Amino acid sequence: MRKELLEQLQKITDEEQRILDGEKYVDRGLYASDGNDFTVDSAKILEEGQLIAVRTHTRFVHFPLHRHNYIEALYVCEGELTNVINEKQVVIRKGELLFLNQFTRHEILPAGENDIAINFIMLPEFFDVAYTMTGRNNVLEDFLANILRRNEERGEYLHFKVADNLQIQNLLENMIYSLVTGQNDESRINQTTMGLIFMYLVDSIQCVEMRLPDQYENMISMTTLNYIEQKYRTATLTELSEQLHLPLHVLSRLIKKCTGHNFKELLQRKRLNKSVQLLCDTDLSVNDIIASVGYENNSYFHRVFKERYHMTPRAFRVKNRETGQVRL
């Protein structure tokens, strides 16, 4: 890692200074909203509209048992960091990468001054590009298919021991530099970079330690998301149930169980993401975009678009062109 970047990451933060001054605990108010359960809230870390952010892991203190409502990746720049997942110690050393799915409970043992780790905070939508780049029938596709899961008991993670893979190290450093220096206009580049990282990780599968959920439920998740990815313009739950030879009500229940969302919600998410890509990357009219992503009712599209993005499609396009930022 570049010396100047590492020096920046090694600086003592305000939170760490308070710990060194005698406050030997994590201030939950910095991470979680109200509630007895310690769930780190993405809204506390990500600005509105952000899909990804990075922060250095807080050293000098035991980070108690918690979970996140986002996907976390932990990358160790120097030293090592010990996670405890399902009572198992998972040691992440320099150059290694740990992915934790949503709501996976873990705790982290105290890190020393020279143990420098980066937390990537990522919403599920950030992985849309990576999902299209990763290929099929591999453990990373399984992981991406499962990022919508909300079952906290699964304790799902992927630990990649790839310190010797220079391509992965360079790509991760580029992402960290982009995010640390505040170059938010590179959101599309960062999404593509993550896709490239995943492609290299697929080739490093012999270096992975993992805990993934039930294979049958994985199959349902992957098949559903693949089907929506390929046929979002015309996709229907009825057609998918015929392909899987499952009764409609059984498939509907399984999709909800496996992903935490129903089929309509997953399809709408894909169509809206595609419409945003077309708004930002093309000069197609809004009506043409509505038709191309599979909506027949223009009024309905405008309503659901505004519910998600808090503005009309035309206003979204204008804002994107003014700021140069793409939100997928």
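So, here's what we can say about the structure. Given the structure is predicted, the values throughout are model-derived calculations rather than measurements.

To continue, consider the environment of alanine 53. Topologically, alanine 53 is positioned in strand 2 (residues 52-56). In this structure, the C-alpha to C-alpha distance between alanine 53 and phenylalanine 120, residues 67 residues apart in sequence, is 5.9 Å. Excluding anything up to four places from it in sequence, alanine 53 contacts Leu46, Asn119, Phe120 and Ile121.

Next up on the list: the sheet that holds strand 3 (residues 63-68). Within the open sheet, the 5 strands sit side by side as 1-3-8-5-6. Their pairing is mixed. Of all the strands in the sheet, the pair left with one neighbour each is strand 1 (39-40) and strand 6 (88-93). Pairing of strand 3 with strand 8 (residues 106-108), which is carried by 2 bridges, proceeds in the antiparallel orientation. Looking at strand 8, one finds that histidine 66 is bridged to histidine 106.

Looking now at the pattern of salt bridges. Charged atoms that come close allow side chains of opposite charge to pair. For the structure on display, the rule yields 12 salt bridges. Note that glutamate 80 is salt-bridged to arginine 93, the shortest N-O span being 3.7 Å. Highlighted residues: glutamate 80 in strand 5 (residues 80-85) and arginine 93 in strand 6, separated in sequence by 13 residues. The exposure class of glutamate 80 is partly exposed, given its relative accessible area of 37%. By relative accessible area, which is 44% here, arginine 93 ends up partly exposed. Across the pair aspartate 283 and arginine 321 runs a salt bridge whose closest N-O atoms are separated by 2.7 Å.

Mapped onto the fold, serine 241 is located in helix 8 (residues 237-244). Filtering out sequence-adjacent residues up to four positions away, serine 241 remains in contact with Leu246, Leu248 and Leu251.

What counts and how
- Residues numbered from 1 in each chain as written.
- Predicted model: local features only at pLDDT ≥ 70, side-chain atom pairs only at ≥ 80, totals over all residues.
- Heavy atoms only, no water.
- Helix = DSSP H or I, 4+ residues; strand = E, 2+ residues; numbered from the N terminus.
- Contact = heavy atoms within 4.5 Å.
- Pairing = 2+ DSSP bridges.
- Salt bridge = Lys/Arg side-chain N within 4 Å of Asp/Glu carboxyl O.
- Buried < 20%, exposed > 50% of the residue type's maximum accessible area, 1.4 Å probe, protein only.

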